[in-house]
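Geometric and topological summary
The lines below spell out each chain.
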Amino acid sequence: MHYPIGLLFDLLASSSALPWNITVHFKSFPEKDLLHCPSKDAIEAHFMSCVKEADALKHKSQVINEMQKKDHKQLWMGLQNDRFDQFWAINRKLMEYPAEENGFRYIPFRIYQTTTERPFIQKLFRPVAADGQLHTLGDLLKEVCPSALAPEDGEKKNQVMIHGIEPMLETPLQWLSEHLSYPDNFLHISIIPQPTD
Amino acid sequence: MPDSVLWAVDLFGRVYTLSTAGQYWELCKDTQLEFKRVSAATQCCWGIACDHQVYVYVCASDVPIRRREEAYENQRWNPVGGFCEKLLPSDRWPWSDVSGLQHRPLDGVALPSLHWEWESDWYVDENFGGEPTEKGGWTYAIDFPATYTRDKKWNSCVRRRRWIRYRRYKSRDSWAKIPSKDDPKQLPDPFNDLSVGGWEITDEPVGRLSVWAVSLQGKVWYREDVSHPNPEGSSWSLMDTPAEAAQISCGPHDLLWVTLWEGQALVREGISRNNPKGSSWSVVEPPTSENGIMHVSVGVAVVWAITKDRKVWFRRGVNSHNPCGTSWIEMVGEMTMVNVGLNDQVWGISCDDRAMYFRQGVTPSELSGKTWKAIVAGRESDRSHSGSSLSLLSAGCFFGDEVRGSGESCAPSDTDASSDAERPGPDQPVPAESLDCPGDPKGSSASGPGTSRTTEHPVEVASPATQTPRPEPRPGPASTPAEVPWTNIDLKEPKKTPSHPVAGLPETTGLSSLEVLPLGLEEPYGADDHPLWAWVSGGGCAVEAHSVLKWFSVQLGLSPSVQTLSLSITPAQTAAWRKQIFQQLTERTKRELENFRHYEQAVEQSVWVKTGTLQWWCNWKPHKWVDVRVALEQFTGHDGARDSILFIYYVVHEEKKYIHVFLNEVTALVPVLNEAKHSFALYTPERTRQRWPVRLAAATEQDMNDWLALLSLSCCESRKVHGRPSPQAIWSITCKGDIFVSEPSPDLEDPVHPLPCDQMFWRQVGGHLRVVEANSRGVVWGIGYDHTAWVYTGGYGGGCFQGLASSSSNIYTQSDVKSVYIYENQRWNPVTGYTSRGLPTDRYMWSDATGLQECTKASTKPPSLQWSWVSDWSIDFSVPGGTDQEGWQYASDFPASYHGYKTMKDFVRRRCWARKCKLVTSGPWLEVAPIALGDVSIIPESPGASGNGHSVALWAVSDKGDVLCRLGVSELNPAGSSWLHVGTDQPFASISIGACYQVWAVARDGSAFYRGSVSPSQPAGDCWYHIPSPPKQRLKQVSVGQTAVYALDENGNLWYRQGVTPSYPQGSSWEHVSNNVRRVSVGPLDQVWVIANKVQGSHSLSRGTVCHRTGVQPHEPKGQGWDYGIGGGWDHISIRANATRAPRSASLETAGERSGEQGLPSGPAQVAGALQESLGPICC
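Thresholds, definitions, all that
- Residues numbered from 1 in each chain as written.
- Chains lettered and ligands numbered in written order.
- Predicted model: local features only at pLDDT ≥ 70, side-chain atom pairs only at ≥ 80, totals over all residues.
- Heavy atoms only, no water.
- UniProt positions renumbered as here; feature names shortened; annotations may be inferred.
- Helix = DSSP H or I, 4+ residues; strand = E, 2+ residues; numbered from the N terminus.
- Buried < 20%, exposed > 50% of the residue type's maximum accessible area, 1.4 Å probe, protein only.
- Contact = heavy atoms within 4.5 Å.
- Areas by Shrake-Rupley, 256 points an atom, 1.4 Å probe, with all protein chains shown as cover.
- Lys, Arg positive; Asp, Glu negative; His and termini not counted.
- Charge placed at Lys NZ, Arg CZ, Asp CG, Glu CD.
- Pairing = 2+ DSSP bridges.
- Axes fitted to C-alpha atoms, helices over the stretch in contact; angles between N-to-C directions.
- Core = buried A, V, L, I, M, F, W, Y, C linked by side-chain atoms within 4.5 Å.
- Buried area = accessible area lost by both parts, 1.4 Å probe.
- Salt bridge = Lys/Arg side-chain N within 4 Å of Asp/Glu carboxyl O.
- Polar contact = N/O pair within 3.5 Å; in protein donor to acceptor, adjacent residues only side chain to side chain.
- Nonpolar A, V, L, I, M, F, W, Y, C, P; charged D, E, K, R; others polar.
- Phe/Tyr/Trp six-rings, centres within 6.5 Å; stacked < 30°, edge-to-face > 60°.
- Lys NZ or Arg CZ within 6 Å of the ring centre and 35° of its normal.
- Patch = residues over 30% accessible without salt bridge, like charges linked within 9 Å, V, L, I, M, F, W, Y side chains within 5 Å.
- Expected span 1.5 Å × (residues − 1).
- Parallel < 35°, antiparallel > 145°, perpendicular 65-115°, else oblique.
- Left-handed = near helix turned anticlockwise from the far one by under 90°.
- pLDDT = per-residue confidence, 0-100.
- Disulfide = S-S within 2.5 Å.

If you look chain B up in an unreviewed UniProt entry, it shows as Tectonin beta-propeller repeat-containing protein 1 from Equus asinus. The record held by UniProt for chain B lists under Subunit (unreviewed entry) the comment "Interacts with ATG5; the interaction is direct. Interacts with WIPI2. Interacts with the ATG5-ATG12 conjugate, the interaction is however mutually exclusive with ATG16, since it does not interact with ATG12-ATG5-ATG16 complex." Under Sequence similarities (unreviewed entry), UniProt gives the following word-for-word description of chain B: "Belongs to the TECPR1 family."

In the nomenclature of an unreviewed UniProt entry, chain A corresponds to Autophagy protein 5 from the organism Equus asinus. The Sequence similarities (unreviewed entry) field of the UniProt record for chain A holds the comment "Belongs to the ATG5 family."

Written out as structure tokens, the structure reads:
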């Protein structure tokens, strides 16, 4: 499974000294563990499928389906060329929600843990509770990954990382999804053990 | 869009207004009276008070309502005493009106009513037809009546002069009583209903209104001569009706419906511009025979009615041609009344709970709307109004509350006090106290808390979480805190004791007591405490179909989710997590990036390409659009700088060719939108000189906007222009209303070798304007085609520029309205008179103004796809030359000069039809409501004098010709605070203020004026000095720089004012500078820039070109010639912010060096002079 590089850093190297040294292998591709992307198009397809999956969760795919091919292309080209304005001009539409709603239908998120074998946790989770209260990051973890949370009285054993920072557990999930999603429109959350020092 | 207000009356007769921008009902400023009915227009509101008298409430404005009274003093010459008041017996009165037929002594001219006051005493008018007269203002003639001239001749036997005096309407923001129509000989017949409308029938006079009223005896009355300058009207006229009327409703245009006591409706037919009272009645039967029509309300093309069973009905098929409509449709809901306001929006008051509803979803295509939505706005008046008066009271109340814990006796007095403060005025019903007592047990038990409770209360209120008021923090019995508000509601019903005429009072007193307890903090009303409404009028309330109103959101308790859910609420809570995220991100960036700045970029240069298909206006003849492939290649250098090239690949004679444009050479990208094409023009200095830009067209508007935004961004990047324009920027506007701005380079005004102005880089800013004016302190104002005033917010981008090309804040929606005109042409023939059958050689019978293009009503489209129609075709009566009653203008043949009356020699006639269209865009502009402007001028700051504390002088002319001076304008508050009206004797057209507070203005009759004694301490100056115009020319615009004064006449001649000195700022004479000028702007360095009418390039002609006057020197203020810049459809330029003087020393040094090389004598003055002569060889 291909992870965004920022996620890999959070997950595997957040405590290592900077700069992060990466070893690039040019042979013996681990075909067993990873899908081989034969071409640039395959990467693009993978990226677009992630965006589509995210929009299926957020808007029942309505937004992405209303876009033209050109817009999809711009999304990818913007990312590829590191042109944020090009990218955001389109991605902005994916981050909107109807005024009468109070958020997305479901939040596209994935929770990664280094300690388990399971690649990641992904479930349907709404940004707003039935009583109208906004769900927070804490609510999400309590629901889908209670082990990540410190027990009431116990000491904090894990860090909840997004983009190299630890947002407060009180942060509304909808806000996080709008502002801290990766380009593939998913919120990639890493649960890593608290550094011992 | 400006804020406007909804007017309403509650059950107690109190009048409230609700702003489209607000969410609270505000109590009408004049609370002396209680009202039964109100009917509003935009600028005023008419009402029937409980004394059955009619009142008009004229809203305050910075521009006074003033009317001129005039009288003529006539004299005849006799050999003994010269000119004297002794006239011949056959002559007119010594003091008369203009015709001489009526005696009119100065002391006999009285104010029309108590609501007027004199502005000053009588004075002599020394302006005669745009030209100043000799002292005394006398004009001479051979005899009465005759043609008068300024000059006294040997045969001038009589003379006269005009005395003028202004009166001013003073009863603004208050209810002014309209004299009753009652004839003392008859029994009084008080008014029962009243309706105001008809403002769309005609613009003349300004603000004309139709005011209709119905008396108790069922008679219908019409108020004559109501208009903006005459808000009270003059008299009541009785209209004949076939039966007794009960209620009346008059729409903005020509609809007028009346309900009869028998249940039918009467519809007025034949209402038109020439006959606003209409001609006949027709009857419309009610929807069902058993339930007659009780109430009716009409708009432009809708009629809503209520029948006796409270059902709501919508009349289908109503329009100007068929005011009766076709059939009734029953709507949902039961209402006591409905009211149709502007844009045919509808409000209603429901039967059961007297709540007010707004009809949602009313659009031109769906006039009946979708649903009724309750307006739950609270009454701010109670809050803010009592806020000041209650600040003491509430504190007292609060402490009183504690005391009250011991006994119940204080409670009534407490509520009494609050209701007192809430409802000032003499006619407050006395029973408040007695009524309160029976209902109070619960209330007082509720207010008998322990001290612990009361001390806890303010703490809770202060916490941010209670921003959304919950029932808990309200004081109440400790046992059942949450029930308190509900108890209060329960009280409402039993309290409606039948013995009392005003039923809802207990509720409001209960409510006010509640309101006082939370220490007057900003706690809006509960939805349950809504006011009980009796009447509503939306005639002054402009709700656009798409606008967002805040009237529906104060739904306390019922759904707290609505407020807590929106993320922007509870700022305190968000602050913590938001701040923390921000802080962490900053730290992360520091940790991960800043220490590694010295690492080289892995990829040094990147090329980024965007390709597409466009159409290109080809270079060769015959010119036409050809399909081309285009590619924009963008390189990023290792220093991060970006540069781009645009390639256009085309095929000619099966040979592939391309042209390319370096984007760092592009000087302007101009959208050229028309009905059919989405195109834009791309200019470089070379192409500006040729008057032949690269023109490209896209298939869709979106596509064009994408390209335009991308190219524009690339141009800005390659020139390193970003962010907001600097305060010195030069602003200009094209004839399409597009706004462009250019950063002046320091050598732009270099006296020796200025930057050629075809090299200036112009970038577009969102928005749509007709006029823009700036000054070097960053104050920028604009005026739209619809005369709306706008102030620049400091943003950039907007319009089609999104993302990085646009600032994220300071961008707002902007709209503009303009009219499209077509002409209907007819020729006379002996058999049938004027018909639409012309001669074969004639122009099209429906054409544009020139007659060359055929323009029919059906085929004429809005100017571009950005515009959409907002009205139907209507005859334009305001064309120059005048029209007859039907709008026709006559002439002997096409094309000729047209006049507004028919003579024997006229064989053709034409009339002008206008249709309004509207554009909605966005840009860094905020509206300066409510006064519409015709011209504006901001003081150019002299170099070095900027920022010395005093406010920025800004003068304007309103669209009606009033001269205004804006107070409180500064860098921080560029919109200023209010207008100061400067009286004039005639409407003005143009104004300009120079750097030394010299204010010059041009009146609509073409004469010029200088305003004396304007200074920071006397911002409006003291009096006008009439300056004679250049001979036989009518001026139309004036511009004043540091000291130079330039004026422009209607024939495109530019004039320089000679002899202006500090001691004699009016100057001595006009000197001709140039012709072919459309608009002039003189800057703080006395630099002169104009828009030239026509400029010939090497490839084509361009109309509307920016030009810079060259060789303007202190000793040669008129300059020598023109340097031509960007052009082709430019309409307006403001150079007045650019006070950037060329680095004088530098230019002189280099000049010195160069001249030194040439062996010319040194010494600054001589060098400059010498350089002038040798300028050519050095510069080129």
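1. Observations concerning the overall build of chain A
Along the backbone of chain A there are 7 helices and 3 strands. Its helices and strands in sequence order give chain A the pattern α-α-α-α-α-β-α-β-α-β, from N to C terminus. Counting only C-alpha atoms, chain A reaches 55 × 55 × 30 Å along its principal axes. Within chain A, buried positions represent 44% of all 197 residues. Sequence-distant contacts in chain A: of pairs separated by 6 or more residues, those separated by 24 or more amount to 64%. For chain A, the computed accessible surface area is about 11100 Å², with 54% contributed by carbon and sulfur atoms. Side-chain charges of chain A comprise 20 positive and 26 negative groups, with the mean position of each set lying 7 Å from the other.

2. Digging into the overall build of chain B
The secondary structure content of chain B amounts to 13 helices and 71 strands. Within chain B, buried positions represent 54% of all 1180 residues. Nonlocal contacts in chain B, meaning residues at least 24 apart in sequence, comprise 57% of its contacts between residues at least 6 apart. Just so you have it, chain B exposes about 52100 Å², and 53% of that area is on carbon and sulfur atoms.

3. Observations regarding the sheet that holds strand S70 (residues 1121–1127) of chain B
All names here are of chain B. Taking strand neighbours across the sheet as the criterion, the 4 strands line up as S67-S68-S69-S70 in an open arrangement whose pairing is antiparallel. Both outer strands of the open sheet, strand S67 (1077–1082) and S70, are each paired with one neighbouring strand and no more. The sheet shows a mean angle of 35° between the axes of neighbouring strands, taken without regard to direction. The sheet contact formed by strand S68 (residues 1088–1096) and strand S69 (residues 1101–1110) spans 7 bridges and is antiparallel. Bridged to Ala1092 within S69 is Thr1105.

4. So, the nonpolar core
All names here are of chain B. Counting residues in hydrophobic clusters, the biggest one holds 37 residues, and the most contacted among them are Trp781, Leu933, Trp955 and Trp1024. Of all the secondary structure elements, the ones that give two or more residues to this core are strand S45 (780–783), strand S46 (789–792), strand S55 (933–938), strand S56 (954–958), strand S57 (963–967), strand S58 (978–982), strand S59 (988–993) and strand S60 (999–1003). Here this core gets 4 residues from one element, more than from any other, and that element is S56. Here Trp1024 is in contact with Trp955, Val963, Val982, Gly983, Thr984, Phe988, Ile991, Ala1001, Phe1009, Tyr1010 and Arg1011, once residues within four sequence places are set aside.

5. Side note on the interface of chain B and chain A
With 23 residues of chain B at the contact, the number on the chain A side is 28 residues. Of the roughly 2400 Å² buried between chain B and chain A on both sides combined, carbon and sulfur atoms contribute 64%. Two residues, Lys70 of chain A and Asp706 of chain B, come together in a salt bridge whose shortest N-O distance is 3.0 Å. The interface formed by chain B and chain A contains 4 residue pairs in polar contact (both at pLDDT 80 or more). Its residues placed into classes, the side of chain B that touches chain A shows 12 nonpolar, 5 polar and 6 charged.

6. A few points about the packing of aromatic side chains
Residues and elements named next belong to chain B. Per the counting criterion, the structure on display carries 48 aromatic pairs over all chains. Judged by centre distance (5.0 Å) and plane angle (55°), the rings of Tyr57 and Trp175 are tilted. Placement of Tyr57 in strand S6 (residues 54–58) and of Trp175 in strand S16 (residues 175–177) is noted, with a sequence separation of 118 residues between them. Like Trp175, Tyr57 is buried. Look at Phe191 and Trp236: their rings are 4.7 Å apart centre to centre, the planes differ by 50°, and that puts the pair in the tilted class. Placement of Phe191 in strand S17 (residues 191–197) and of Trp236 in strand S20 (residues 236–239) is noted, with a sequence separation of 45 residues between them. A relative accessible area of 4% places Phe191 in the buried class. If you follow Arg359 out to its NZ or CZ, it ends over the ring of Trp372, 5.0 Å from the centre.

7. Remarks on the sheet that holds strand S41 (residues 730–734) of chain B
All names here are of chain B. Pairing is antiparallel in the open sheet, where 4 strands are placed in the order S43-S42-S41-S71. In the strand order of this sheet, the two ends are held by strand S43 (762–765) and strand S71 (1130–1134), each with one partner. On average, adjacent strands in this sheet sit at an angle of 30° to one another, irrespective of strand direction. With 4 bridges connecting them, strand S42 (residues 739–742) and S43 associate as antiparallel partners. The partner of Ser742 across the bridge, within S43, is Trp762.

8. Observations regarding the UniProt feature "domain: Autophagy protein ATG5 UblB" (unreviewed entry) in chain A
As annotated in UniProt, the feature "domain: Autophagy protein ATG5 UblB" (unreviewed entry) corresponds to residues 106–191 of chain A in the numbering used here. Structurally, residues 106–191 of chain A is divided into 17% helix and 16% strand, and its ends, taken at the C-alpha atoms, are 21 Å apart.

9. A few points about the side chain of Ser776 of chain B
Residues and elements named next belong to chain B. Assignment of secondary structure puts Ser776 in the loop between strand S44 (771–774) and S45. The exposure class assigned to Ser776 is buried, which follows from its relative accessible area of 10%. The contact partners of Ser776, leaving out residues within four places of it in the chain, are Pro727, Gln728, Glu941, Arg1136, Ala1137 and Ala1139.

10. Brief notes about unusual backbone geometry
All names here are of chain B. Omega for the bond connecting Ala929 with Pro930 falls within 30 degrees of zero, at -5°, which places this linkage in the cis form. Counting through the fold element by element, Pro930 comes out in the loop between strand S54 (925–927) and S55. Look at Asp1086: it is not a glycine, yet its phi comes out positive at around 60°.

11. Quick look at a nonpolar patch on the surface
On the surface, a nonpolar cluster with roughly 500 Å² of combined accessible area is contributed by Ile5, Ile22, Val24 and Phe26 of chain A. Residue class for Val24 of chain A comes out exposed when judged on its relative accessible area of 56%.

12. Focus: helix H2 (residues 40–59) of chain A
Residues and elements named next belong to chain A. Between the first and last C-alpha of H2 there are 28 Å, a value that for 20 residues agrees with the 28 Å anticipated at 1.5 Å per step. For H2, the set of buried residues is Glu44, Phe47, Met48, Cys50, Val51, Ala54, Asp55, Leu57, Lys58 and His59. Looking at the buried positions of H2, the neighbouring elements they touch are helix H3 (62–66), helix H4 (69–80) and helix H5 (84–94). For H2, the capping residue at the N-terminal end is Ser39, with a side-chain oxygen 3.3 Å from the backbone nitrogen of Asp41. Two residues or fewer past H2, Lys60 is found with a positive phi of approximately 55°.

13. Here's the deal with the packing of H2 of chain A against H4 of chain A
Residues and elements named next belong to chain A. Between H2 and H4, whose axes approach to 11 Å, the crossing angle comes to 115°. Put simply, H2 runs roughly perpendicular to H4. Remark: the crossing between H2 and H4 carries right-handed chirality. Within the contact between the two elements, H2 uses Lys40, Ile43, Glu44, Phe47, Met48, Val51 and Lys52 and H4 uses His72, Lys73, Leu75, Trp76, Leu79 and Gln80. Residues that form the contact of H2 with H4 fall into these classes: 7 nonpolar, 2 polar and 4 charged.

14. Observations regarding the confidence of the model for chain B
As a note on interpretation, predicted positions should not be read in detail where pLDDT is low. Residues and elements named next belong to chain B. Within chain B, residue pLDDT values average 78, and 79% of them lie at 70 or more. Model confidence for chain B, summarised as mean pLDDT per element, is weakest for helix H13 (residues 1175–1179) at 27 and strongest for S45 at 95. Throughout residues 383–528 the model reports pLDDT below 50, and contacts reaching past four residues in sequence, or to other chains, amount to 160 contacts. Predicted confidence for residues 555–570 stays below pLDDT 50, and this span has 27 contacts to residues more than four positions away or in other chains.

15. Here we look at the pattern of salt bridges
Tallying each qualifying case throughout the model produces 31 salt bridges over all chains. Through salt bridges that share partners, Arg68, Glu70, Asp125 and Arg162 of chain B make up one connected network.

16. Topic: the pairing of strand S3 (residues 187–193) of chain A
Residues and elements named next belong to chain A. Most of S3 sits out of view: 6 of its 7 residues are buried. The pairing of strand S1 (residues 109–113) with S3 spans 5 bridges and is parallel. Note on S3: the bridge partner recorded for Tyr112 is Ser190. Pairing of strand S2 (residues 158–161) with S3, which is carried by 4 bridges, proceeds in the antiparallel orientation.

17. A closer look at the state of the cysteines
In a disulfide, the sulfur atoms of two cysteines are held together by a covalent bond. All names here are of chain B. The final tally for this structure, using the stated rule, is 0 disulfides over all chains. Here Cys59 is not disulfide-linked; the sulfur of Cys44 is the nearest cysteine sulfur, at 7.2 Å. Here Cys715 stays unpaired: no disulfide links it, and the sulfur of Cys716, its closest cysteine neighbor, is 6.8 Å away.

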